[in-house]
Amino acid sequence: MMAEIGFFKLRYAQMKSMGKWDCKNSLETKGWVDWQEFMKVHFKGTRGSIPTAPTALETREKVVAALLAARGKDLRSEGQIREFVEKQLPFQHGATYGGNTPCVHVETDSDECLIFDGGSGLRPFGNEIKEQGLTNKTFHLFLSHLHYDHIQGIPFFFPAYQPGNKIIIHGGHDGVENALREQMKPPFFPISFDMFGAEISFKKHSPGDVVEVCGTRITLFEQDHPGTSYGYRIESGGTSIVYSTDAEHRNEALSHKYPYVDFIRGANLLIFDAPYTHSQSIGNREDWGHSSNVMGVELAARGEIETLALFHHDPSTSDEDMIKFLAHTKKFLERSKIMVKETRPGIPGSLAPRAHPYDVILAYDGLSLEF
Ligand SMILES: [Zn+2]
Ligand SMILES: [Zn+2]
């Protein structure tokens, strides 16, 4: 909730400075738009490949760094301490990017729930539903693919065990049901898929299909990844979000006609698989099925994306490393903007003017964005 409120203030400031958008409440009061125009994106798991958790030593180092940063400050009341932690303490000392594997909840004003991927982040999301006492709910779970880090949360999803709930699992692959049953068989797991109390069904879609659920229109895009993955574009009213993880964009991504650019074009938010630096992506990690931060900025620029959220973080990356990774990405974005400013349209060989993502962020477990 805190992240959501914090972010809302940030968005408001961003949009105001762009002169593009007024704040949600005033829009609503003035009757310019209705609630359908808005979606909230809740990141429940943002780490790739395998869940990670800070060790005792890493946690202790955060405490030491926080106490050092607090020296000499007037922090007598809890309110003063909280304000210091939230507003002054660097993110890597007061928080963590988190370690659950991919799961993103897209909240709309529908009673039904829209979820992308069932990584370990699905477990805390299910626990929130339990704590809220919500029953007889329908969940639409869209899977990018069946690699373990994207389905391992499903056996731990509390609502799946509750009779009265409905879970509709969407995907582009064949054999989704079989794969999910297999991961819950001995010797891998003690509880059988048949122990789920909810009504579970499966829907297979193909690129070109338009799926209408939760007041949104969802389209698929086939991506380059071992075994293929699918990206999803979610649209509601004038807002669009692209969930695109586990996708390798190679040299042809820089060609004039790259269909992915049309798929993401104009989205308010692009959730982009970028565990690597540029040199890693063309070096020893080529063909691993993932992309770089630099490729994310390039494609987001060409696709005229408003906010680029880097996602599927490398499990070996510490919070300190992530801060450096974000700084490098922002530097690349700023340099790229300067280069574009210096273009001379019409002169052969010069760069073409183009749009740029307004901002680049690193998604973290617990981050909520509102559009
Ligand atoms: Zn993955
Ligand atoms: Zn994968």
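All values derive from a computational prediction rather than experimental measurement. Note on numbering: residues in each chain are counted from 1, in written sequence order. Written order determines the labels here, with chains lettered from A and ligands numbered from 1. With the structure being a predicted model, the display of local features is reserved for residues of pLDDT at least 70 and the display and counting of side-chain atom pairs for 80 or more, all residues being used for whole-chain, interface and lining totals.

Details of the overall build of the chain
Just so we agree on the cut-off: Put simply, DSSP H or I for four residues or longer makes a helix, DSSP E for two residues or longer makes a strand, and each gets a number counted from the N terminus. Exposure classification rests on a simple neighbour count of other C-beta atoms within 10 Å of a residue's own: a residue reaching 20 or more is buried, one at 12 or fewer is exposed, and one in between is partly exposed. C-beta atoms are placed from the backbone. Placing C-beta atoms from the backbone, we regard two residues as in contact once those atoms come within 7 Å.
Across its full length, the chain holds 11 helices and 14 strands. Looking at the chain as a whole, 37% of its 371 residues qualify as buried. In the chain, of all internal contacts separated by at least 6 residues, the share reaching a separation of at least 24 is 73%.

What to know about the nonpolar core
Note that soluble globular proteins tend to have their nonpolar side chains buried in a common cluster. What counts is decided by this rule: Remark: nonpolar core denotes a set of buried Ala, Val, Leu, Ile, Met, Phe, Trp, Tyr and Cys residues whose joining runs through C-beta atoms within 7 Å.
Grouped together as the largest cluster of nonpolar side chains are 65 residues, with contacts concentrated most on Ile241, Leu270 and Ile271. The dominant element in this core, judged by the number of residues it contributes, is helix α10 (residues 293–302), at 5 residues.

A look at the pairing of strand β7 (residues 210–213)
Condition: When DSSP finds two or more bridges between a pair of strands, those strands are recorded as paired.
Pairing analysis gives 4 bridges linking β7 to strand β8 (residues 216–223), with the strands arranged antiparallel. Bridge assignment links valine 213 to a residue of β8, and that residue is threonine 216. Between the antiparallel neighbours β7 and β8 lie 2 residues, among them cysteine 214 with a positive phi of about 55°.

A closer look at unusual backbone geometry
Between proline 186 and proline 187 the backbone carries a cis peptide bond, its omega angle lying at 5°. For proline 187, the location among the structural elements is in the loop between α7 (176–182) and β6 (199–204). Residues other than glycine seldom take positive phi values, yet aspartate 117 does so here, at roughly 70°. Assignment of secondary structure puts aspartate 117 in the loop between β3 (113–116) and α6 (122–131). A positive phi angle, near 60°, is found at histidine 312, a position not held by glycine. Along the chain, histidine 312 falls in the loop between β12 (307–311) and α11 (319–341).

A word on the sheet that holds strand β14 (residues 368–370)
Short version of the rule: Simply put, an axis is a line fit to the C-alpha atoms, just over the touching stretch for a helix, and the angle between two N-to-C directions goes from 0 to 180 degrees.
Strand order across the open sheet formed by 7 strands is β6-β5-β4-β3-β2-β1-β14, with mixed pairing between neighbours. Strands at the two margins of the open sheet, each flanked by one partner only, are β6 and β14. Between one strand and the next, the sheet's axes are offset by a mean angle of 20°, whatever the strand orientation. Across 4 bridges, the pairing between β3 and strand β4 (residues 138–142) is parallel.

Re the sheet that holds β7
Sheet strands line up and pair through hydrogen bonds in the backbone, either parallel or antiparallel. Strand order in this open sheet of 7 strands is β7-β8-β9-β10-β11-β12-β13, and the pairing throughout is mixed. Two strands bound the open sheet, and with one partner strand each, they are β7 and β13 (359–362). Strand-to-strand twist across the sheet, computed as the mean angle between neighbouring axes with direction ignored, equals 20°. Pairing of β12 with β13, which is carried by 4 bridges, proceeds in the parallel orientation. Opposite leucine 310, over in β13, you have leucine 362 as the bridge partner. Contacting β11 (269–273), β12 and β13, α10 crosses the sheet at an angle of about 155° to β12.

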